[in-house]
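# Overview (structure and organization)
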Amino acid sequence: MQILVIGATGYAGRRVSTALARAGHTVLGLTRDTTTPAARDLAVNEVTPVEGDFSQPETWRGHLEGADAVVHLLMDMSDPVGGDQRLFAELLAAQERDGRRRHLVFTTGISCYGRTGLPLMDENTPGNPDSPIGFRFNLEKELAASGLAHTVVRPGFMYGGPATTSMTGQWFAAAEAGNPIFYGDTAKRWSWVHVDDLADAYVRILEQPEALDGEVFVIADDQRLTALDMQYTAVRAAGFTGEIALASAEQGGMMQMAADQDELVSSAKAHRLLGWRPRHASFTDNPAQHYRAWKTAQITAR
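Just so we're clear, the structure is a prediction, and the values are computed from it rather than from any experiment. (Residues numbered from 1 in each chain as written. Predicted model: local features only at pLDDT ≥ 70, side-chain atom pairs only at ≥ 80, totals over all residues. Heavy atoms only, no water.)

With that settled, consider unusual backbone geometry. At Glu 46, a residue that is not glycine, the phi angle is positive and equals roughly 70°. Along the chain, Glu 46 turns up in the loop between α2 (37-44) and β3 (48-51). Using a relative accessible area of 65% as the deciding quantity, one classes Glu 46 as exposed. One non-glycine residue, Ala 163, lies in positive phi territory at about 50°. Tracing the backbone through its elements, the reader meets Ala 163 in the loop between β7 (157-159) and α5 (167-177). (Helix = DSSP H or I, 4+ residues; strand = E, 2+ residues; numbered from the N terminus. Buried < 20%, exposed > 50% of the residue type's maximum accessible area, 1.4 Å probe, protein only.)

Below, the structure is given as structure tokens:
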């Protein structure tokens, strides 16, 4: 299968692209600049970097030719709704041009649920429309109504590897700077997933895309620590021995506000239909190893 990965040089994108290539697929990784270290790393892992700016469909439209599937792992912060709507339109237009029904694996996330008050959420839990990023549930509905072949993935909070956009990476960096801050409700708990376990879920979905058309999967492990305890584990691994300052979610910005509640989910459906099981039990099993991976990534990126 030939697969175009949008967001291929991002945190999850690099691991997902590599996992798909190792599974035997021909993988094209969309990037604005094919000469960057991240793009070169894709090539080392047998992913072909292809140039294009997601916000300008005319720059990547040609990469849809020959594609059997598209994996979308990017949220365009400058236009998060319009960008995804343009992607749906481009896929529909390509289908009309050549009759090829490309399968879109569309990524959102568990913070889309917002504040539901439920102890455990799954694929059938309705999102709270007041969530700052609840619009992503609306995009899922638009995708379902479009007629495009698709599967939706809602990952938990990611950790592991370079942790470039992971909350754990932010915690490591703040610990090294000597000013870790926890934003929002100190009792909240989040579901997590190792980035390589997440990548495995995409591989499993694209092994049987036709059978999974229209399905939604929550992908997360079973760790249930409070986010504050997780942060303490991270900052201690980075050598910080002081106390973590507390601040409001509003002070942390939109993404902190979006995640300022319990976000515990069940991946029972992924266990049942995909045979997916996390190989990494918990961030807290080896925080020193995760810190070393993040630190090494910081050094090599310079």
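Now, onward.
Interaxial distance between helix α3 (residues 80-98) and helix α4 (residues 135-146) falls to 10 Å at its minimum, and their mutual angle equals 10°. With respect to each other, α3 and α4 are oriented roughly parallel. Seen along the crossing, α3 lies across α4 with a hand that is right-handed. In this structure, α3 contributes Pro 80, Val 81, Asp 84, Gln 85, Phe 88 and Leu 92 to the contact, and α4 contributes Phe 135, Arg 136, Leu 139, Glu 142, Leu 143 and Ser 146. Looking at the contact of α3 with α4 residue by residue, the classes come out as 7 nonpolar, 2 polar and 3 charged. (Axes fitted to C-alpha atoms, helices over the stretch in contact; angles between N-to-C directions. Parallel < 35°, antiparallel > 145°, perpendicular 65-115°, else oblique. Left-handed = near helix turned anticlockwise from the far one by under 90°. Contact = heavy atoms within 4.5 Å. Nonpolar A, V, L, I, M, F, W, Y, C, P; charged D, E, K, R; others polar.)

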